[in-house]
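Coordinates in review
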Amino acid sequence: MDVRRRPPKPSNRNHYLQQHPHHPQRSSSHAHRRSPSPAPKASDALPLPLYLTNGIFFTLFFSVAYYLLHRWRDKIRSSTPLHVVTLSELAAILSLIASFIYLLGFFGIDFVQSFIARASHDAWDIEDEDETRFLLDEDRLPAPCPAALDSSISPPISRFMDPPPPLPSQDDEDLVKSVVSGDIPSYSLESRLGDCYRAASIRREAVQRLTGKSLAGLPLDGFDYQSILGQCCEMPIGYVQIPVGIAGPLLLNGCEYSVPMATTEGCLVASTNRGCKAIYASGGATSILFRDGMTRAPVVKFPTASRASELLFYLEEPANFDTLAVVFNKSSRFARLQKIQCSLAGRNLYIRFSCGTGDAMGMNMVSKGVQNVLEFLQDEFPDMEVGGISGNFCSDKKPAAVNWIQGRGKSVVCEAMISAEVVEKVLKTSVSALTELNMIKNLTGSAIAGALGGFNAHAANIVSAIFIATGQDPAQNIESSHCITMMEAINDGKDLHVSVTMPCIEVGTVGGGTQLASQSACLNLLGVKGACRESPASNSRLLAAIVAGSVLAGELSLMSAIASGQLVRSHMKYNRSSRDMSTVTS
């Protein structure tokens, strides 16, 4: 802290020199004035740098205050007199007083001095106001940058981390304070500002202040927040980076595909890639889509079970189905009602609608169609009460036998014949070892575990990675990963027939996260971006086939690694980083 003195009143000699600018002594006088000796500083007497001393006393003040408050609270609860103090409490009180005196002196002296200087300035007898202003400007020293006093404001930036965002402007600062205080709802920032990036930045700063936690590692820049407004994510504060790897080429139905996989699990892409190599070397895989229909199942209630059964009989009548199909199909030019299945539980009726949805995954489309049908049925059955647009008979984002048996979304079977030579050279195992392991692990082991649709090695791994990369709903990985893996020896036990049957692959190439830039690029890589105008639904069906083919490759590779005893060794070699993470953020 600088110790400043009031500048002396200018002498007659100085006044004369200013009236005669060309006097030879004027230049020397200015040179002397512009190179003053360093003013003494109060901080020079401190044994540590100023910012460290301030930090120590700040920490000491708040720490002992917190400690004493907790001790006094315990005394009040135990009815102990507050004036009875222990040695540690006495030391804490003394530390609190000492730190308070230091902080008061440090931050109070500058305020008092500025107040005194302002009062003294008013009492000066100033003969020449312009001259005095010039002298004050000459003697004024630049104020220190706040960042130089407190290193915590601007921490060193590691090359492995994004630089911190710039401090908000004054207008943004007022908005942050309003969000923190609750005057402005956080969710309304986009509509109020009309700038999605600015809204995310303000919300991010408000979250940090409310929680007291830093979001320095969460990127903010480099993302189009306008693209997610109203459809993908609400109240964004940044985005998460997930690496995308490529497996392939996957030779499927005579075409090659490079499969993007977004994952943080080591060895997953490499293992799937090895399975693709084995399939390619054996002539490729073949996939068949044998069912395509998204479902939604509302639940309706009636006064009596007999009345509920009347609606059941009404819905099962073929003539009534045609009428309901017309009502349903009005919701979209792609929605086509396929069938209605009912299940009665007392006076509650669960109605499972199944329909085609084009290249969209179709949950919103089918829900809209169901709403139209329910409004139509309300006229025929006025005592019907809609319990919910979804009664869990669909069944969405949950493992369910109805999906495993009847399917939901795209139902695909994919197969390949792997020669014995490829099994030995690429997969490093044998046909007999694979078939035996599949029997005791995927089939018998899953049955003992009571698995529901989980008769596979790790189908969910591949499904999740492709879903995230291509903008699908990650939560629908639950039913989309229903899979049974079959392995049989053929050609007198020389070759291997492997297949995966997946009845519930729920994917789309339009809508939702598929329109985001990164996910759209991955769809474009597979050749299934957007809707197919020539043949509606062909892009989403091809994506489902690619998912099944990739699962086939992943199952083949993982089962081979387990059969040959390579699983643990490969993970220890490729899935364990030797990087010292303590040095990354230091």
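Details of the structure are given in the entry above.
To start, this report covers the structure provided alongside it. Keep in mind it's a predicted model, so treat the numbers as computed, not measured.

**Brief notes about the overall build of the protein**
Along the backbone of the protein there are 21 helices and 11 strands. Across the 586 residues in the protein, those meeting the buried criterion constitute 39%. Sequence separation of at least 24 residues holds for 71% of the intrachain contacts in the protein that already meet a minimum separation of 6. Summed over all atoms, the accessible surface of the protein reaches about 32,400 Å², with 58% contributed by carbon and sulfur.

**Brief notes about the side chain of Glu555**
Summarising the element assignment, Glu555 is placed in helix α20 (residues 538-563). Buried charge Glu555 goes without a salt bridge, the closest partner of opposite sign being Lys441 at 7.9 Å. Within the structure, Glu555 has its side chain in polar contact with the backbone nitrogen of Ala457 (distance 2.8 Å). Residues within four places of Glu555 in sequence aside, it is in contact with Asn442, Asn456, Ala457, His458, Ala459, Thr485, Met487 and Val500.

**Topic: unusual backbone geometry**
Following Gly248, the chain continues into Pro249 via a peptide bond in cis, with omega recorded as 10°. Positionally, Pro249 belongs in strand β1 (residues 244-252). That bond from Cys394 to Ser395 is cis: its omega, 0°, falls within 30 degrees of zero. For Lys428, which is not glycine, the phi torsion reads 60° and is therefore positive. Residue Lys428 is classed as partly exposed on the basis of its relative accessible area, which comes to 47%. The phi torsion at Asp492 lies on the positive side, around 60°, for a residue other than glycine. Checked against the element boundaries, Asp492 lands in the loop between β10 (483-490) and β11 (495-505).

**With respect to helix α9 (residues 196-211)**
Under the 1.5 Å per step criterion, the end-to-end length of α9 is 22 Å for 16 residues, consistent within 8% with the ideal 22 Å. For α9, the full list of buried residues reads Cys196, Ala199, Ala200, Ile202, Arg203, Arg204, Ala206 and Gln208. The N-cap of α9, judged by a side-chain oxygen 3.2 Å from the amide nitrogen of Tyr197 a few residues on, is Asp195. Phi turns positive one or two residues past the end of α9, at Gly212, with a value near 70°.

**Regarding a nonpolar patch on the surface**
Nonpolar side chains collect at one region of the surface, where Val85, Leu87, Leu90, Leu94, Ile97, Phe100, Ile101 and Leu104 lie side by side and expose about 800 Å² of accessible area between them. Counting through the fold element by element, Leu104 comes out in helix α4 (residues 87-123). By relative accessible area, which is 53% here, Leu104 ends up exposed.

**Regarding the pairing of β11**
Among the 11 residues of β11, 10 are classified as buried, and the element is accordingly described as predominantly covered. As defined by bridge partners, β10 adjoins β11 across 7 bridges and the pair is classed as antiparallel. Looking across to β11, one finds that Ile490 is bridged to Asp495. Hairpin connection, β10 to β11: the antiparallel pair is bridged by 4 residues, and Asn491 has positive phi, about 55°.

**What to know about the packing of aromatic side chains**
Applying the stated rule across the entire model yields 8 aromatic pairs. Arranged with centres 5.2 Å apart and planes meeting at 85°, the rings of Phe61 and Phe62 form a pair that is edge-to-face. Phe62 sits in the exposed class, given a relative accessible area of 52%. Ring geometry for Tyr314 against Phe381: centres 5.5 Å apart, planes inclined by 80°, an arrangement best described as edge-to-face. Highlighted residues: Tyr314 in helix α11 (residues 305-316) and Phe381 in the loop between α13 (363-380) and β7 (385-388), separated in sequence by 67 residues. With respect to class, Tyr314 is no different from Phe381; both count as buried. Aromatic ring contacts, followed pair by pair, group Tyr197, Phe223, Tyr225 and Tyr239 into a single cluster.

**Digging into α20**
For α20, built from 26 residues, the straight-helix expectation of 38 Å at 1.5 Å per residue is met to within 8% by its first-to-last C-alpha distance of 37 Å. Of all 26 residues that make up α20, 21 are buried, and the element is covered over most of its length. Of the residues flanking the end of α20, it is Gly565, one or two places downstream, whose phi is positive at about 75°.

**Quick notes on the pattern of salt bridges**
In this structure the tally under the stated criterion is 14 salt bridges. With its nearest N and O atoms 3.0 Å apart, the salt bridge here joins Arg408 to Asp396. With Arg408 in the loop between α14 (401-406) and β8 (409-418) and Asp396 in the loop between β7 and α14, the pair connects residues that are 12 residues apart, well separated along the chain. Take Arg408 and Asp396: they sit in the same class, and that class is buried. The exposure class of Arg408 is buried, given its relative accessible area of 0%. A single network of salt bridges, built from pairs that share partners, joins Asp396, Lys397, Arg408, Asp473, Glu479 and Glu506.

**Notes on the pairing of β10**
Where a strand is regular, its side chains alternate between the two sheet faces. With 2 bridges joining them, strand β9 (residues 454-455) and β10 adopt parallel strand pairing. By the bridge assignment, Gly454 is partnered in β10 with Cys483.

**Examining the packing of helix α17 (residues 459-470) against helix α19 (residues 517-526)**
Interhelical geometry of α17 versus α19 gives an angle of 115° and a closest axis separation of 7 Å. When the axes of α17 and α19 are compared, the pair comes out roughly perpendicular. Contacts between α17 and α19 involve Ile468, Ala469 and Thr470 from the first element and Ser518, Gln519, Cys522, Leu523 and Leu526 from the second. Looking at side-chain class alone, the contact of α17 with α19 contains 5 nonpolar, 3 polar and no charged residues.

**Focus: the environment of Glu488**
With respect to the helices and strands, the residue Glu488 is situated in strand β10. In this structure Glu488 comes out as partly exposed when scored by relative accessible area, which is 44%. For the pair Glu488 and Ser432, spaced 56 residues apart in sequence, the C-alpha to C-alpha distance is 8.7 Å. Glu488 has contacts with Thr435, Asp495, Leu496 and His497, leaving out every residue within four places of it along the chain.

**Some points on the nonpolar core**
Ranked by internal contacts, the top residues of the largest apolar core, which has 53 residues, are Met261, Ile418, Leu496, Val551 and Leu556. In terms of residue count, α20 provides more of this core than any other element does, 12 residues in total.

**Let's talk about the packing of helix α12 (residues 318-329) against α13**
Two elements in contact, α12 and α13, have axes separated by 8 Å at closest approach and are oriented at 130°. Comparing the axis directions of α12 and α13 gives the class oblique. Judged by the sense of rotation from one axis to the other, the crossing of α12 with α13 is right-handed. Across from Thr323, Leu324, Val327 and Phe328 in α12, the residues of α13 making contact are Val366, Gly369, Val370, Asn372, Val373, Phe376 and Leu377. Looking at the contact of α12 with α13 residue by residue, the classes come out as 8 nonpolar, 3 polar and no charged.

Cut-offs applied
As a convention, each chain's residues are numbered from 1 in the sequence order in which they are written. Per-residue local features are limited, in this predicted model, to residues with pLDDT of at least 70; the limit for side-chain atom pairs, both in listing and counting, is 80 or more; totals at the level of whole chains, interfaces and linings are taken over all residues. Just so you know, side-chain values use all the structure's heavy atoms and leave hydrogens and water out. Strands here mean DSSP runs of E at least two residues long; helices mean DSSP runs of H or I at least four residues long; both are numbered from the N terminus. For each residue, the accessible area found with a 1.4 Å probe, counting protein chains only, is set against the maximum for its type, and the residue is called buried under 20%, exposed over 50%, and partly exposed in between. Whether two residues touch is decided by their heavy atoms; if any such pair falls within 4.5 Å, the residues are in contact. Methods summary: accessible areas were calculated by the Shrake-Rupley approach with a probe of 1.4 Å, and residue burial reflects only the protein chains presented. Note on charges: Lys and Arg go in the positive column, Asp and Glu in the negative column, and His and the chain ends are not counted at all. Note on definitions: salt bridges are taken to be side-chain nitrogens of Lys or Arg within 4 Å of carboxyl oxygens of Asp or Glu. The definition of a polar contact used here is a pair of N or O atoms within 3.5 Å, where within protein one atom must be able to donate a hydrogen and the other to accept one, and adjacent residues in sequence count solely through side-chain atom pairs. Residue count minus one, scaled by 1.5 Å, sets the expected span of a helix. Candidate patch residues must exceed 30% relative accessible area and have no salt bridge, after which like charges are joined if within 9 Å and Val, Leu, Ile, Met, Phe, Trp or Tyr side chains if within 5 Å. When DSSP finds two or more bridges between two strands, those strands count as paired. Stacked, tilted and edge-to-face are the three classes applied to pairs of Phe, Tyr and Trp rings, where Trp contributes its six-membered ring and a pair requires centres within 6.5 Å; stacked means planes under 30 degrees apart, edge-to-face means over 60, and tilted covers the rest. Whenever a helix is involved, its axis is fitted only over the stretch in contact; in every case the axis is a line through C-alpha atoms, and angles between N-to-C directions fall within 0 to 180 degrees. Should an angle lie under 35 degrees it is considered roughly parallel, over 145 roughly antiparallel, and from 65 to 115 roughly perpendicular; all remaining angles are considered oblique. Nonpolar residues are Ala, Val, Leu, Ile, Met, Phe, Trp, Tyr, Cys and Pro. Charged residues are Asp, Glu, Lys and Arg, and all others, Gly as well, are polar. We call a set of buried Ala, Val, Leu, Ile, Met, Phe, Trp, Tyr and Cys residues a nonpolar core when their side-chain atoms join them within 4.5 Å. Note on convention: near helix rotated counterclockwise from far helix by under a right angle means a left-handed crossing. Clockwise means right-handed.

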